[in-house]
Amino acid sequence: MSKSRNANNLAKKIVRQTSLKQATASRLAKQVHVYLGASVVDSPEPRQRRLEAHIAHVLADGFKDRHLNGALLGVRGAEPESQSVKLVLEPDMADKVLRELLPRFDHFYGGVRGVAGLRVRGNERQLNLHDAASSAHVTVTRADGGPIRLPSARDGEVLLWKRIPGGLTRDERQEAEEWTGSRGIEDLGVRDLLLSRILRLPGLVNRTAEPHGFANCYTHHAGDLVIEWCCGDTVEALCAVLLAHGFADDVPRAKSIELISQHSAHLGDRTVILNRHGSCLYGRSAEDVVESIKEGYKS
């Protein structure tokens, strides 16, 4: 199929699935230079999508701007497995992924960090991270096939996943209920769907981290995830690629995408917020920043 025909078909899809005008849809479609074929494969199980969304949310807030080798959230690849997903982790970030995800009570913080109710089983080269309250789970492995180290407790921490492997603590149960029934979020299904897709589409979202090897992620509350970057894809180009691969499929048309400005867009009624700076933030200092991030992982 020719490039122009691909662009025309994508523009039609964007018009059908969003509230964008034909001219805007055509402009976006022309910015997709590589068509990878099939749309994202979602889990049909709501609890699985909710767990994956929680994992993406925790990793975004945990890593912020400390990614390595262009692996946003520490994920290089994602392979659907029946109702679950296998995450292929960036080797240098793999141990940190486990530390961020497995729940621990932090006395200095005054609460639970990580994904409440997440437990671990398997061997060091392929771990199964599963929800203690349901059948939801993800598999994690390193891209180089090496071992992943389980985290040890730091000062003021209690490793809840290790202390109570077969159930949830009271504090975890409260945290889990807040994630499941977060107030102020109009559509939890959309949140779970889109944040799950962030985890399942690393080849696309990692485009934001490619130029420097890192981007910046953070969250405001339990209902959103922000990605910021400065070089590489424009916001429109990234939105076009995401839409081409089904990122906004099954999202209410009026809320699927809003192009706020040349440098900002909202997907799923502010579930995913994309911000791109108008100029490079790092220049020649980017390599120094990368070295600083690497040093941080050694400590």
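Predicted, not measured: the structure shown is a model, and the values here were computed from it.

Basis of the calculations
Residues numbered from 1 in each chain as written. Predicted model: local features only at pLDDT ≥ 70, side-chain atom pairs only at ≥ 80, totals over all residues. Heavy atoms only, no water. Helix = DSSP H or I, 4+ residues; strand = E, 2+ residues; numbered from the N terminus. Rg over C-alpha atoms; globule rule 2.2 N^0.38 Å. Buried < 20%, exposed > 50% of the residue type's maximum accessible area, 1.4 Å probe, protein only. Contact = heavy atoms within 4.5 Å. Areas by Shrake-Rupley, 256 points an atom, 1.4 Å probe, with all protein chains shown as cover. Salt bridge = Lys/Arg side-chain N within 4 Å of Asp/Glu carboxyl O. Pairing = 2+ DSSP bridges. Phe/Tyr/Trp six-rings, centres within 6.5 Å; stacked < 30°, edge-to-face > 60°. Lys NZ or Arg CZ within 6 Å of the ring centre and 35° of its normal. Core = buried A, V, L, I, M, F, W, Y, C linked by side-chain atoms within 4.5 Å. Patch = residues over 30% accessible without salt bridge, like charges linked within 9 Å, V, L, I, M, F, W, Y side chains within 5 Å. Lys, Arg positive; Asp, Glu negative; His and termini not counted. Charge placed at Lys NZ, Arg CZ, Asp CG, Glu CD. Axes fitted to C-alpha atoms, helices over the stretch in contact; angles between N-to-C directions. Polar contact = N/O pair within 3.5 Å; in protein donor to acceptor, adjacent residues only side chain to side chain.

Visitor: Would you take a moment to explain the overall build of the protein for this structure?
Guide: Broken down by element type, the protein carries 10 helices and 13 strands. Its C-alpha atoms give the protein a radius of gyration of 19 Å, near enough to 19 Å, the size a compact globule of 299 residues would have. On the principal axes, the C-alpha backbone points of the protein span a range of 55 × 45 × 35 Å. Per-residue burial for the protein yields a buried fraction of 54% across its 299 residues. Within the protein, contacts between residues at least 6 apart in sequence are counted, and of these 66% link residues at least 24 apart. For the protein, the computed accessible surface area is about 14100 Å², with 46% contributed by carbon and sulfur atoms.

Visitor: Whenever I open this one, the pattern of salt bridges confuses me. Can you help?
Guide: Once the charged atoms of two side chains with opposite charge are near each other, the side chains can pair. Taken as a whole, this structure holds 18 salt bridges when the rule is applied. Two residues, Arg99 and Glu157, come together in a salt bridge whose shortest N-O distance is 3.4 Å. Here Arg99, found in helix H4 (residues 94-101), pairs with Glu157, found in strand E8 (residues 157-159); they are 58 residues apart in sequence, far enough to count as distant. Taken individually, Arg99 and Glu157 each receive the classification buried, so the pair is uniform in this respect. Three or more residues are tied together by salt bridges with common partners; here these are Asp42, Arg197 and Asp250.

Visitor: How do you make sense of the pairing of strand E5 (residues 118-123) when you look at a structure like this?
Guide: A regular strand carries its side chains on alternate faces of the sheet. Pairing of E5 with strand E6 (residues 126-131) involves 6 bridges; the strand directions are antiparallel. Across the sheet, the residue bridging to Gly122 is Leu127, located in E6.

Visitor: Honestly, the packing of aromatic side chains in this entry has me stumped. Any pointers?
Guide: The relation between two aromatic rings is expressed through the spacing of the ring centres and the mutual angle of the planes. This structure, assessed with the given rule, holds 1 aromatic pair. Ring plane angle 75 degrees and centroid distance 5.0 Å describe the contact between Phe214 and Tyr282, whose orientation is recorded as edge-to-face. Here the residue Phe214 occupies a position in the loop between helix H8 (202-205) and strand E9 (216-218), and Tyr282 occupies one in the loop between strand E13 (272-276) and helix H10 (286-298), the gap between them amounting to 68 residues. You can call Phe214 buried: its relative accessible area is 4%. The aromatic ring of Tyr109 is capped on one face by Arg113, whose charged end is 3.9 Å from the ring centroid.

Visitor: Would you mind going over H4 with me for this structure?
Guide: Every α-helix winds through 3.6 residues per turn, so residues three or four apart in the chain are directed the same way. Buried residues dominate H4, accounting for 6 of its 8 residues. Taken as a whole, H4 has its buried residues at Ala94, Val97, Leu98, Arg99, Glu100 and Leu101.

Visitor: Even after reading the chapter, I still don't get the nonpolar core, so can you show me in this structure?
Guide: Looking at soluble globular proteins, one finds that nonpolar side chains tend to be buried together. Formed by 77 residues in total, the largest nonpolar core has its most connected members in Leu101, Val140 and Leu274. Non-local contacts of Leu274, meaning those with residues more than four positions away in its chain, are made with Ile227, Trp229, Val235, Leu238, Cys239, Leu242, His263, Ser264, Ala265 and Leu267.

Visitor: Hey, could you run me through the environment of Leu259 in this one?
Guide: Along the polypeptide, Leu259 turns up in strand E11 (residues 257-261). As a C-alpha pair, Leu259 and Leu89 span 170 residues in sequence and 31 Å in three-dimensional space.

Visitor: Hey, could you run me through a negative patch on the surface in this one?
Guide: On the surface, Asp171, Glu175, Glu177 and Glu178 cluster together to form a negatively charged patch. Structurally, Glu178 can be placed in helix H6 (residues 170-180).

Visitor: Any chance you could explain the sheet that holds E13 here in plain terms?
Guide: Note on sheets: strands pair through backbone hydrogen bonds, and any given pair is parallel or antiparallel. Here we have 5 strands laid out as an open sheet, ordered E9-E10-E13-E12-E11, and mixed in their pairing. Each edge of the sheet is formed by a strand with only one pairing partner; in this case those strands are E9 and E11. For this sheet, the mean angle separating the axes of adjacent strands, direction not counted, is 15 degrees. Summarising the sheet, strand E12 (residues 264-267) and E13 pair through 4 bridges and their orientation is antiparallel. Counterpart to His266 in the pairing with E13 is Ile273.

Visitor: Explain helix H9 (residues 235-244) to me, please; I cannot follow it from the model alone.
Guide: The element H9 is extensively covered by neighbouring structure, given that 10 of its 10 residues are classed as buried. Looking one or two places after H9, you find Gly246, whose phi comes out positive at around 85 degrees.

Visitor: Even after reading the chapter, I still don't get the side chain of His212, so can you show me in this structure?
Guide: Within the element layout of this structure, His212 appears in the loop between H8 and E9. Those residues in contact with His212 that lie beyond four places of it in its chain are Cys230, Cys231, Cys280, Tyr282, Ala286 and Val290.

Visitor: Looking at this structure, how should I read the environment of Glu100?
Guide: Within the secondary structure layout, Glu100 lies in helix H4. Between the C-alpha atom of Glu100 and that of Ala60, which follows or precedes it by 40 residues, the distance is 9.8 Å. When near neighbours in sequence (up to four residues on either side) are disregarded, Glu100 contacts Val58, Leu59, Gly62 and Gly114. Reaching out from Glu100, the side chain makes a polar contact with the side chain of Lys96 at a distance of 2.9 Å.

Visitor: Whenever I open this one, the side chain of Arg99 confuses me. Can you help?
Guide: Note on Arg99: relative accessible area 8%, which makes it buried. Discounting residues that sit within four places of it in the chain, Arg99 has contacts with Arg104, Pro151, Ser152, Arg154 and Glu157.

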